[in-house]
Amino acid sequence: MDLPFREEKGSRLAPWVATIRQLGPRHRERIARHLLALDERDRYLRFGYAANDEQIRNYVDHLDFERDDIFGIYNRRLELIAWAHLAHSVDRNFDACAEFGVSVSKSARGRGFGGKLFDRAVMHARNEGVQLMFIHALSENTAMLKIARNAGATVERDGSESEAYLRLPPATFDSRVTELIEERLAQTNYRLKVQAKQFWDFLKNLQEVRRGVQDARHKSAP
Ligand SMILES: CC(C)(COP(=O)(O)OP(=O)(O)OC[C@H]1O[C@@H](n2cnc3c(N)ncnc32)[C@H](O)[C@@H]1OP(=O)(O)O)[C@@H](O)C(=O)NCCC(=O)NCCS
């Protein structure tokens, strides 16, 4: 798996800072692609049931980018390797609550992406005035529950399912500025990835054209 670290080598920034960005509706198709690539077990862990392709499509089609907050990590090939959904309550009585859901591509796991997306969502939620963040996970989902516990969440187990909740401190000037800077850097990082990919694709096409011309020359040579 092509990870987003490489281009940050030599950078004085922590490798994470510039990689997690907020996603809008333009990214819907790539979110779908990421989720559809999850196997049955991962779909079960992510949604609480083994969602089929149609259910995943339906879920992605109904993602509300206005109400909710969606964060993602792209690799250099612009594949979405991890993303998180911070769902805000539709009921105004509970607008200080949000629910967190996340998935990381299999080959990118165990490298801290899940945990960092959680931290990013927590910072954003604080700045949005959220006071309680909920995580619904199956009790067997050690990695997800570890992420929640590491952040100080209270985990309540109810048989095969667990509910975790994290009480968030209020936003500060620092948390607001940090988020602004991180998002700005992440947008720049993404744009660079887009340009780099376009340039590599252009070079690849050029090489193919050259190869085609060479082959044609060889064939037509007496
Ligand atoms: C849960 C999930 C998002 C974790 O992503 P990840 O990027 O691999 O997680 P991280 O690398 O940030 O690891 C988080 C913690 O879990 C631990 N961990 C990771 N994989 C683990 C595993 N298979 N078993 C036990 N612990 C594990 C890590 O050591 C880390 O703990 P630490 O910081 O104390 O060392 C990922 O496994 C996934 O996408 N699963 C399928 C979907 C899902 O379950 N979503 C969550 C429900 S909403």
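Residues numbered from 1 in each chain as written. Predicted model: local features only at pLDDT ≥ 70, side-chain atom pairs only at ≥ 80, totals over all residues. Heavy atoms only, no water.

**Q** An account of the site of the ligand is needed here, citing residue identities and associated values.
**A** Close to the ligand lie 21 residues; Val-102, Val-104, Gly-110, Gly-112 and Asn-141 are nearest. Taking Arg-109, its side chain carries an N or O atom lying 3.5 Å from an oxygen atom of the ligand. At 2.7 Å, a backbone N or O of Gly-112 approaches an oxygen atom of the ligand. A total of 930 Å² of accessible area belongs to the ligand in isolation, and the protein chains cover 72% of it. Counting atoms within 2 Å of the grid points, the majority share of the ligand lands in the largest pocket. For the shell around the ligand, the elements supplying multiple residues, two or more each, are helix 2 (40-47), strand 4 (97-104), helix 4 (113-127) and helix 5 (142-150). Top contributing element to the shell around the ligand by residue count: helix 5, with 6 residues. (Near = heavy atom within 4 Å. Polar contact = N/O pair within 3.5 Å; in protein donor to acceptor, adjacent residues only side chain to side chain. Areas by Shrake-Rupley, 256 points an atom, 1.4 Å probe, with all protein chains shown as cover. 1 Å grid on protein atoms, 1.4 Å probe; cavity = no way out; pocket = protein on both sides within 12 Å on 5 of 7 lines; lining within 4 Å. Sits in = over half its atoms within 2 Å of the grid points. Helix = DSSP H or I, 4+ residues; strand = E, 2+ residues; numbered from the N terminus.)

**Q** So what about the layout of surface pockets? Which residues, and what values?
**A** Estimates place the volume of the largest pocket at around 870 Å³. Contributing to the lining of the largest pocket are 41 residues, with Arg-46, Gly-101, Val-102, Ser-103 and Met-144 lying nearest its centre. Sorting the residues of the lining of the largest pocket by element identifies helix 2, strand 3 (80-88), strand 4, helix 4, strand 5 (132-138) and helix 5 as the ones contributing at least two each. In terms of residue count, the dominant contributor to the lining of the largest pocket is strand 4 (6 residues). Residues of the lining of the largest pocket, tallied by class, amount to 19 nonpolar, 12 polar and 10 charged. (Points joined across faces, edges and corners; volume = space filled by probe spheres on them. Nonpolar A, V, L, I, M, F, W, Y, C, P; charged D, E, K, R; others polar.)

**Q** Go over the pairing of strand 4, please, and point to the residues and values.
**A** Taken across its 8 residues, strand 4 has 7 buried, putting it largely inside the fold. Relative to strand 4, strand 3 runs antiparallel, the two being bridged by 7 bridges. Note that in strand 4 the partner of His-85 across the bridge is Gly-101. With 4 bridges joining them, strand 4 and strand 5 adopt parallel strand pairing. Bridge assignment links Ala-98 to a residue of strand 5, and that residue is Met-133. The parallel pair strand 4 and strand 5 is bridged by helix 4, and the resulting crossover is right-handed. (Buried < 20%, exposed > 50% of the residue type's maximum accessible area, 1.4 Å probe, protein only. Pairing = 2+ DSSP bridges. Right-handed = clockwise from strand over helix to strand, strands pointing away.)

**Q** Which residues make up the sheet that holds strand 7 (residues 161-167), and what values do they have?
**A** What the 7 strands build is an open sheet, ordered 1-2-3-4-5-7-6; its pairing is mixed. Two strands bound the open sheet, and with one partner strand each, they are strand 1 (20-22) and strand 6 (154-158). With strand direction ignored, the average angle separating the axes of adjacent strands in the sheet is 25°. Across 6 bridges, the pairing between strand 2 (residues 69-74) and strand 3 is antiparallel. Residue Gly-72 lies in a different strand from strand 3, and its bridge partner there is Trp-83. Running at roughly 100° to strand 1, helix 6 (residues 173-220) makes contact with strand 1 and strand 2 of the sheet. (Axes fitted to C-alpha atoms, helices over the stretch in contact; angles between N-to-C directions. Contact = heavy atoms within 4.5 Å.)

The values are spatial; any link to function lies outside them.
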